[in-house]
Number of protein chains: 2
Amino acid sequence: MATLGDIGLSAAINILSALVFLVAFAILRLQPFNDRVYFPKWYLKGLRTSPTQSGAFAKRFVNLDWRSYIKFWTWVPDALKMPELELIDHAGLDSAVYLRIYLLGLKIFVPVTLLAWAVLVPVHWTNSTLKLSDVTFSNIDKLSISNVPLGSQRFWTHTVMAYAFTFWACYTLKNEYAKVSGLRLHFIASDRRRPDQFTVLVRNIPSDPDESVSECVEHFFLVNHPGHYLTHQVVCNANKLADLVKQKKSQQNWLDYYQLKYSRNSSNRPTKKTGFLGLFGEKVDAIDYQTAEIEKLTKEISVEREIAINDPKSIMPAAFVSFKSRWGAAVCAQTQQSRDPTVWLTEWAPEPRDVYWKNLAIPYVSLTIKRLIIGVAFFFLTFFFMIPITMVQSLASIEGLQKRAKFLKDVIEVPFIKSFIQGVLPGLVLKIFLIFLPTILMIMSKFEGFLSISTLERRSASRYYLFNFVNVFLGSIIAGAAFEQLNTFLHQSAEDIPKIIGVAIPMKATFFITYIMVDGWAGVAGEILRLKPLIIFHLKNFFLVKTEKDREEAMDPGSLGFNTGEPQIQLYFLLGLVYAVVTPLLLPFILIFFGLAYVVFRHQIINVYNQEYESYAAFWPDVHGRIISALVISQLFLMGLLSTKEAALSTPFLIALPVLTIWFHLFCKGRYEPAFTHYPLQEAMMKDTLERARDPKVNLKAYLQNAYIHPVFKNSEEDEDENDEYGRFTGEMELVPTKRQSRRNTPVPSKVSGGSSPSSLPDIQESSLP
Amino acid sequence: MATLGDIGLSAAINILSALVFLVAFAILRLQPFNDRVYFPKWYLKGLRTSPTQSGAFAKRFVNLDWRSYIKFWTWVPDALKMPELELIDHAGLDSAVYLRIYLLGLKIFVPVTLLAWAVLVPVHWTNSTLKLSDVTFSNIDKLSISNVPLGSQRFWTHTVMAYAFTFWACYTLKNEYAKVSGLRLHFIASDRRRPDQFTVLVRNIPSDPDESVSECVEHFFLVNHPGHYLTHQVVCNANKLADLVKQKKSQQNWLDYYQLKYSRNSSNRPTKKTGFLGLFGEKVDAIDYQTAEIEKLTKEISVEREIAINDPKSIMPAAFVSFKSRWGAAVCAQTQQSRDPTVWLTEWAPEPRDVYWKNLAIPYVSLTIKRLIIGVAFFFLTFFFMIPITMVQSLASIEGLQKRAKFLKDVIEVPFIKSFIQGVLPGLVLKIFLIFLPTILMIMSKFEGFLSISTLERRSASRYYLFNFVNVFLGSIIAGAAFEQLNTFLHQSAEDIPKIIGVAIPMKATFFITYIMVDGWAGVAGEILRLKPLIIFHLKNFFLVKTEKDREEAMDPGSLGFNTGEPQIQLYFLLGLVYAVVTPLLLPFILIFFGLAYVVFRHQIINVYNQEYESYAAFWPDVHGRIISALVISQLFLMGLLSTKEAALSTPFLIALPVLTIWFHLFCKGRYEPAFTHYPLQEAMMKDTLERARDPKVNLKAYLQNAYIHPVFKNSEEDEDENDEYGRFTGEMELVPTKRQSRRNTPVPSKVSGGSSPSSLPDIQESSLP
């Protein structure tokens, strides 16, 4: 058991490492050299140009202005200054709402912390149960529920507090749900014309022996949506073409590298080996070889492009159908088309950027089978992943290596290598698995057949959360691998499981405090440093970059990884809610995490990340649901804990809590979730009418004709496309540039704050429209 | 433990009582006197008139034709002769599909029984485990799994059989789901024009200070469904008016009674007391008093009618909105209208007959609160209903009575009364509760706020099934009240619960065999006798009937009680599936139940029942889901049982079964359920186009104007209304009468059999249209 002193030491170390990261960031970000790593968002928006273009040579790489170093902390107020509406405008609704998760954490836990410290800490502290056995217990436990004697009347406080915390959390959650769904609807309503407003994705088009897919779609919608149908685009299977294009790009990179190498040192032409990874095979002239390869690929691509467009076999039974009005599209997306509910499936088309093209042609039956397979696979992954890991670990142990690889015997006996194998290797195997876990989960979601990147990420996030819950949360509380827990759960009664866990919870408080500091504090501070993109950018810059456009491509702004980030936040919600009543000492640590993460991610969203897609905060129901489940879990464990404390009188009063919480969830689901799944006809009609009045002669057909073309076909006209893709931004940017003054530092937010209430959103947006 | 002999005796008794019922029915139904009790359906359809009108006096009451007695069993082939399509035409789709549940029972259990007897009975019988302890085990147990020794390799047979039975059941279920959903869509497609095809029920209309509800509805739909909206009817709160009308009817009955009494014995005018139940108060002339009462009520009714129509306070925020086309209605019913998902809620309007008027104005929040309350109440009802019952029972015991009612002491001491109280009273209390249970569940569903009678019945059926599962099935297997079971379940591990139940299952086989015979065989035979309607009809006939119209009203055809009947069938499915592998001896008893019930209910549906509403077999997803849950339950219990038999090798192979079954359920849900919840646009459009071509000048507005008027407003024009309500039948009956020859006996089915495939349904229906 750790004492307060131990915790203090650990806190000091973690605070120090977090500070080191932050200071490193503060210095690195001021170097013009790194400007593209720390402010890529502004480059992408065209509001910032390379500082390397002008000035003295040294100045181009290192910032010699000492005054800017004094103000190194200004990024914090700068990050906080931009008002939310401008943030939505700047980075999209997804990012702005993602930040609200951290804010929600603060909103829930600040009052909870204050109340817990005002009420529960004195109640715990003024007992003396643990004095007798001072050896195994520490001061931290004096602050926890363990210090209250068995059967004490003080447990009433915990019951009352559990109610208070639940009601506060639910109240905040409800407000937040209302706010986010309002923001979403307003954003959709005030947004400019977008192709996905008019378009519906139709899947599982039944094959017809007499008609092509395209004709079939046209006839079906002309008959069943007369007066609304406008045009459609059939989906082609361009997966092979996309692969070829990707290969070509990689070869082009190598060519650039060799050419740059040659231009720097023109005395010897670079060579390479043609075999595996460039390690084996014939040695050839690298530039010639790459040029030939690229030519070959270019030919293949043009052949494949012909096939993808003209071969009827490459036409997939799916299409993007566009309508004359938003109303028509809203109707088609929300209704059932055919009497056979497995064909002519319609749903809102995701944004063109958000479409996951590979999955557009999976038939219904194989989709359900894939779901089954993935369900079973995920179950085994969660509960039995330790078995292969342990096997690999035993292989990688000294004894394992000695047995299997006798020729290595001498090497292993070297003390340094031996200690490395013993100390690091087993942990490393696990660590590598955990690093690859989000990727594995993403692959599983892709296999399952979801159609948009946003859905893929949401699904992966749910799975990652479940994995974390079982393996990090439960795994830490009840020591032992997940499959051992599974065994325990099968053998324990429904009443005993919360008891077993409930009893263990107070004892693990110190572990989780350390976990929060390492994973939360230092992790978030590491996030802002962007060490990996920093290194990669400079490597690329050195080896590949020739033109300004190359440099543009070498920037990797990245995007918010919803599938990894959100489950992490949820773990903190879970910890906070579980420990709020049990060990209030843990709460300030969570508060610091939420505060720090909020500032850091706000900075990153403003200056770095460039979202791949916009899902209009479609993830909020998931976020809400997981916090509710954390609430219910905390209540069940508290019941288990209190029932072992012989608090026979107060425990039954807790039974109503989970029932009420689940009911609250159902209420919110009915009240707010439809805003995230349906597009109300009233809104669609309003928007249609407005647009018709404002812009009566718009040629919608031309606008929608090529909106949903496979990205690989846009390749030749790549530049215009990118402009198209960010059209929404660049279009609306017309008056934004005038707001920005500072191009050197983090931009100062505009003075047009516009208030923070969502009701003023449409006015602002309206006025920014032509 | 019962021996085979005991079972035989019990079977003999029950077969005998069933036979007595059937013979009594066969005789009673031939008496012209009872004609209206046993063939009311034909009277309602106008195809049969009172035989009492003509012939000799004796002949009018008793059938003296001895030849008809010889053919007393002919109702069985008669009931089976009518082809399904004609049955759908005659009694509606609901009834026809209800019969398919029994047929499904036969389809599943005939092959299962054959296989089980061919394979499992020999496997069980050829063991000799139970020989040693012959005292506690009987021959029945020799046929059950108990006779297989621990750890025997023979348990592989059971594993294989469990797979075989599951696959067969799923295969049959899938076919049946496909068939029923096909029937439903065909019925809807081939059906005549109905108001509910064009109408959508709109609830939670937001109040507007400037507009009345009616104006508000009109504006909203004119704006948001332009070109589709036709007309609407606002719902009035006529609950009080309906009460008054009901009162008037009851007073009218009393008046009729006294007038009849006076006309039979004109020497003294009947008198009655005005007080409570006619037992106390002033003595007055009954005919004058009733006439005055009726006059008073008539006045009140006309005042109340004015209020209900004209007072804005009695206008409820709900309306039936009609559209110009089925397409428009289908679109409106399936989409979300407003950005606030709790207002402007739209759903398919139920049939006018099916509307449950009282619940049309419950706001969203109170609806969710009501759901919570009923959820909790049902939990307590299921698990704790025995507590009040036991309390009443203890009150009703000898000691209880002696303590509380000392003045009764002498009465109680009479031996006959004493034994009555001891033997019958406690059982009677429970029996009364169980008789009222469906009513209680129905009241709960009504409180919950469902909008149509069909939904109310479906909901009550789910609850009744759960109640039966916990209290009849589990309650019989693990002896003890439900709350004791709850306690057991909380204290046992997830692994032990199936074991405990699994072990108890084979021991309860004889109990359930007896249960099937008493509840199933004798119950079904009693059903056909219609003892209660028989008595009530003759009482009414004697005391109230003056005119032919009165006699019409005295008939009580009743309807299929889905909320009580279906859960009973489901219990047999559960028993059959659970015992199929364990004690195959039980299966023939179930087969006889399904066969007998099928014949009896087919007869009742053809000759007696008159459905209140038509829901187009909307209950099938529930039926399917409950059979699936019975399958999963049977698999879990079998796993529990086998794991105690030390069949360590074969048990793990069973784990895949529930997973596969649940997956199958999800597959079916996605594949077939939408047919029961949505109206596909393609169908709607097809039907619209057809109708427009056939009947281009139809005045839809006039047709829909008063379709959804509260039944109480139709009172004055009652006769026409009734015609209206059965319009679909009477309209289509035009060519049916020529088919019927026999008016005395069960009608002979028509020769136009039309095949049994659903594909021929539209043709027949089409041709019967004008």
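Coordinates for the structure precede this section.
Residues numbered from 1 in each chain as written. Chains lettered and ligands numbered in written order. Predicted model: local features only at pLDDT ≥ 70, side-chain atom pairs only at ≥ 80, totals over all residues. Heavy atoms only, no water.

S.K.: Pulling in residues and values, what's your account of the overall build of chain A?
M.R.: Helix and strand counts for chain A come out as 37 helices and six strands. The burial tally for chain A puts 52% of its 770 residues in the buried class. Looking at chain A alone, contacts between residues at least 24 apart form 81% of all its contacts between residues at least 6 apart. With the model as given, the accessible surface of chain A reaches about 34,300 Å², and the carbon-plus-sulfur share is 64%. (Helix = DSSP H or I, 4+ residues; strand = E, 2+ residues; numbered from the N terminus. Buried < 20%, exposed > 50% of the residue type's maximum accessible area, 1.4 Å probe, protein only. Contact = heavy atoms within 4.5 Å. Areas by Shrake-Rupley, 256 points an atom, 1.4 Å probe, with all protein chains shown as cover.)

S.K.: Requested: an account of the relation of the copies chain B and chain A, with residues and values cited.
M.R.: What relates the pair of chain copies is a rotation about an axis plus a shift along that axis. Take chain B, turn it by 180°, move it 0.0 Å along the axis, and it overlays chain A with an RMSD of 0.1 Å. Here the symmetry operator amounts to a two-fold rotation axis. By C-alpha distance to the rotation axis, the residue of chain B lying nearest is Ser493 of chain B, at 1.8 Å. Of all interface residues in chain B, 100% are interface residues in chain A too; the two copies therefore contact each other through one and the same surface. (Least-squares fit on C-alpha atoms with pLDDT ≥ 70 in both.)

S.K.: Could you give an account of the packing of helix 8 (residues 93-125) of chain A against helix 30 (residues 620-644) of chain A, with specific residues and numbers?
M.R.: All names here are of chain A. Two numbers describe how helix 8 lies on helix 30: the axes approach to 11 Å, and their chain directions differ by 20°. Overall, the two elements helix 8 and helix 30 adopt an arrangement that is roughly parallel. The two elements helix 8 and helix 30 cross, and the hand of that crossing is right-handed. When helix 8 is examined against helix 30, the residues Val97, Arg100, Ile101 and Leu104 are found in contact with a partner set consisting of Trp620, Val623 and Ile627. The class makeup of the residues in the contact of helix 8 with helix 30 is six nonpolar, no polar and one charged. (Axes fitted to C-alpha atoms, helices over the stretch in contact; angles between N-to-C directions. Parallel < 35°, antiparallel > 145°, perpendicular 65-115°, else oblique. Left-handed = near helix turned anticlockwise from the far one by under 90°. Nonpolar A, V, L, I, M, F, W, Y, C, P; charged D, E, K, R; others polar.)

S.K.: Residue-level account of the interface of chain B and chain A, with values.
M.R.: Across the boundary between the two partners, chain B contributes 48 residues, which contact 48 residues of chain A. When the two sides are added together, the surface that chain B and chain A hide from each other amounts to roughly 4,100 Å², 60% of it contributed by carbon and sulfur. Across the contact surface, chain B and chain A share four salt bridges. When the shortest N-O distance is used, the salt bridge between Arg339 of chain A and Glu683 of chain B registers 2.8 Å. Elements supplying a minimum of two residues to the side of chain B that touches chain A: helix 10 (155-190), helix 12 (213-224), helix 15 (326-334), helix 16 (364-384), helix 23 (482-491), helix 31 (656-672) and helix 33 (681-694) of chain B. Counted by class, the side of chain B that touches chain A contains 26 nonpolar, 17 polar and five charged residues. (Buried area = accessible area lost by both parts, 1.4 Å probe. Salt bridge = Lys/Arg side-chain N within 4 Å of Asp/Glu carboxyl O.)

S.K.: Hey, could you go over the packing of aromatic side chains for me, with residue numbers and the actual values?
M.R.: Residue and element names in this part refer to chain A. Enumeration over the complete set of coordinates arrives at 80 aromatic pairs over all chains. Here Phe469 and Phe473 contribute two aromatic rings whose centre-to-centre distance is 5.7 Å and whose plane-to-plane angle is 15°, an arrangement assigned as stacked. With Phe469 and Phe473 both in helix 22 (residues 453-477) and four residues apart, this pair spans about one turn of that helix. Neither Phe469 nor Phe473 differs from the other in exposure class; each is buried. Taken together through their ring pairs, the aromatic side chains of Tyr98, Tyr102, Phe109, Phe562, Tyr572, Phe573, Phe593, Phe594, Phe601 and Phe619 make up a single cluster. The aromatic ring of Phe447 is capped on one face by Lys370, whose charged end is 4.5 Å from the ring centroid. (Phe/Tyr/Trp six-rings, centres within 6.5 Å; stacked < 30°, edge-to-face > 60°. Lys NZ or Arg CZ within 6 Å of the ring centre and 35° of its normal.)

S.K.: Give me helix 29 (residues 586-607) of chain A: which residues, what numbers.
M.R.: Relative to the 32 Å expected for 22 residues at 1.5 Å per residue, helix 29 of chain A spans 32 Å between its end C-alpha atoms, a close match to the ideal helical length. Taken across its 22 residues, helix 29 of chain A has 18 buried, putting it largely inside the fold. (Expected span 1.5 Å × (residues − 1).)

S.K.: Outline the sheet that holds strand 5 (residues 315-323) of chain A, supporting the account with residue identities and numerical values.
M.R.: All names here are of chain A. One open sheet holds the four strands; their spatial order is 2-5-1-6, and the pairing between them is antiparallel. Here the strands that pair on one side only, and so sit at the sheet edges, are strand 2 (229-236) and strand 6 (345-348). The average undirected angle you get between the axes of adjacent strands in this sheet is 30°. The sheet contact formed by strand 1 (residues 199-203) and strand 5 spans four bridges and is antiparallel. The residue of strand 5 that forms the bridge with Thr199 is Ser322. Of the strands in this sheet, strand 1, strand 2 and strand 5 are in contact with helix 12 (residues 213-224), which crosses strand 2 at around 150°. (Pairing = 2+ DSSP bridges.)

S.K.: Hey, could you go over the nonpolar core for me, with residue numbers and the actual values?
M.R.: Judged by nonpolar contacts, the single largest core of 278 residues is most densely connected at Phe473 of chain A together with Phe473 of chain B. If we skip the residues at most four places from it in the chain, Phe473 of chain B touches Asn468, Phe512, Leu571, Leu574, Leu575, Val578 and Phe637 of chain B. (Core = buried A, V, L, I, M, F, W, Y, C linked by side-chain atoms within 4.5 Å.)

S.K.: Account for unusual backbone geometry, naming residues and giving values.
M.R.: All names here are of chain A. Positive phi outside glycine occurs at Ala617, with the angle close to 60°. For Ala617, the position within the fold is in the loop between helix 29 and helix 30. In this structure Ala617 comes out as buried when scored by relative accessible area, which is 0%.

S.K.: Give me the sheet that holds strand 6 (residues 345-348) of chain B: which residues, what numbers.
M.R.: Residue and element names in this part refer to chain B. Across the sheet, which stays open at both edges, the four strands sit in the order 2-5-1-6 with antiparallel pairing between neighbours. Strands at the two margins of the open sheet, each flanked by one partner only, are strand 2 (229-236) and strand 6. Between one strand and the next, the sheet's axes are offset by a mean angle of 30°, whatever the strand orientation. As judged from the four bridges shared by strand 1 (residues 199-203) and strand 6, these two strands associate in the antiparallel manner.

S.K.: Which residues make up the pattern of salt bridges, and what values go with them?
M.R.: All told, the structure shown has 34 salt bridges over all chains when counted by the stated rule. Note that Glu448 of chain B and Arg371 of chain B form a salt bridge whose closest N and O atoms lie 3.7 Å from each other. Of this pair, Glu448 of chain B sits in helix 21 (residues 425-448) while Arg371 of chain B sits in helix 16; the two residues are 77 residues apart in sequence, bridging distant segments of the chain. Linked through salt bridges whose partners overlap, the residues forming this network are Glu84, Arg100, Lys107 and Glu176 of chain A.

S.K.: An account of the environment of Ile590 of chain B is needed here, citing residue identities and associated values.
M.R.: All names here are of chain B. Along the chain, Ile590 falls in helix 29 (residues 587-607). A relative accessible area of 0% places Ile590 in the buried class. Considered as a pair, Ile590 and Val112 are 478 residues apart in the sequence and their alpha carbons are 11 Å apart.

S.K.: Can you explain the packing of helix 22 (residues 453-477) of chain B against helix 30 (residues 620-644) of chain B? Please cite residues and give values.
M.R.: All names here are of chain B. Two numbers describe how helix 22 lies on helix 30: the axes approach to 11 Å, and their chain directions differ by 20°. Classified by the angle their axes make, helix 22 and helix 30 are roughly parallel. For helix 22 against helix 30, the interelement crossing comes out right-handed. Within the contact between the two elements, helix 22 uses Arg458, Ala461, Ser462, Tyr465, Phe469, Phe473 and Leu474 and helix 30 uses Asp622, Arg626, Ser629, Ala630, Ile633 and Phe637. A per-class count over the contact of helix 22 with helix 30 returns eight nonpolar, two polar and three charged.

S.K.: Tell me about the side chain of Thr231 of chain B, and name the residues and values.
M.R.: Here Thr231 of chain B lies in strand 2. For Thr231 of chain B, the residues in contact, after removing those within four places along its chain, are Phe320, Val321, Ser322, Lys701, Leu704 and Gln705 of chain B.

S.K.: Tell me about the state of the cysteines, and please be specific about residues and values.
M.R.: Residues and elements named next belong to chain A. Counting across every chain of the model gives zero disulfides over all chains. Here Cys668 is not disulfide-linked; the sulfur of Cys170 is the nearest cysteine sulfur, at 7.6 Å. Cys668 sits in the buried class, given a relative accessible area of 0%. (Disulfide = S-S within 2.5 Å.)

S.K.: Quick one: what's the story with the side chain of Thr346 of chain A, residue by residue and with numbers?
M.R.: All names here are of chain A. Tracing the chain through its elements places Thr346 in strand 6. Looking at Thr346, the relative accessible area reads 15%, which means it is buried. A polar side-chain atom of Thr346 sits 2.8 Å from the main-chain carbonyl oxygen of Cys332. Contact partners of Thr346, with chain neighbours within four places excluded, come to Val200, Leu201, Val202, Cys332, Ala333, Thr335 and Gln337. (Polar contact = N/O pair within 3.5 Å; in protein donor to acceptor, adjacent residues only side chain to side chain.)

S.K.: Lay out helix 14 (residues 286-310) of chain B in plain terms, naming residues and giving numbers.
M.R.: Turn by turn, an α-helix covers 3.6 residues, leaving residues three or four places apart pointing in a common direction. Residues and elements named next belong to chain B. Here helix 14 is 25 residues long and its end C-alpha atoms lie 36 Å apart, about the 36 Å a rise of 1.5 Å per residue gives. Those residues of helix 14 that sit buried are Ala286, Ile287, Gln290, Glu293, Ile294, Leu297, Ile301, Glu304 and Ala308. Contacts made by the buried residues of helix 14 are with strand 2, helix 13 (239-264), strand 3 (271-273) and strand 4 (283-285).

S.K.: Let's hear about a nonpolar patch on the surface: which residues, and what values?
M.R.: Residues and elements named next belong to chain A. Taken together, Val414, Phe416, Phe420, Val424, Leu428, Ile432, Ile435 and Phe436 make up a surface patch of nonpolar side chains, about 740 Å² in accessible area. A total of four residues in the nonpolar patch trace back to one element, the largest contributor, which is helix 21 (residues 425-448). Turning to its location among the elements, Ile435 is positioned in helix 21. (Patch = residues over 30% accessible without salt bridge, like charges linked within 9 Å, V, L, I, M, F, W, Y side chains within 5 Å.)

S.K.: Describe a negative patch on the surface, listing the residues and the values that go with them.
M.R.: Negative charge collects at one region of the surface, where Asp208, Asp210, Glu215 and Glu218 of chain A lie side by side. Relative to the helices and strands, Glu218 of chain A resides in helix 12. (Lys, Arg positive; Asp, Glu negative; His and termini not counted. Charge placed at Lys NZ, Arg CZ, Asp CG, Glu CD.)

S.K.: How would you explain the environment of Ala675 of chain A if you had to name every residue and give the values?
M.R.: Residues and elements named next belong to chain A. Checked against the element boundaries, Ala675 lands in helix 32 (residues 674-677). Taking C-alpha positions, Ala675 is 42 Å from Ile307, a pair spaced 368 residues apart along the chain. What Ala675 contacts, discounting residues up to four positions off in sequence, is Ser181, Arg184 and Leu185.

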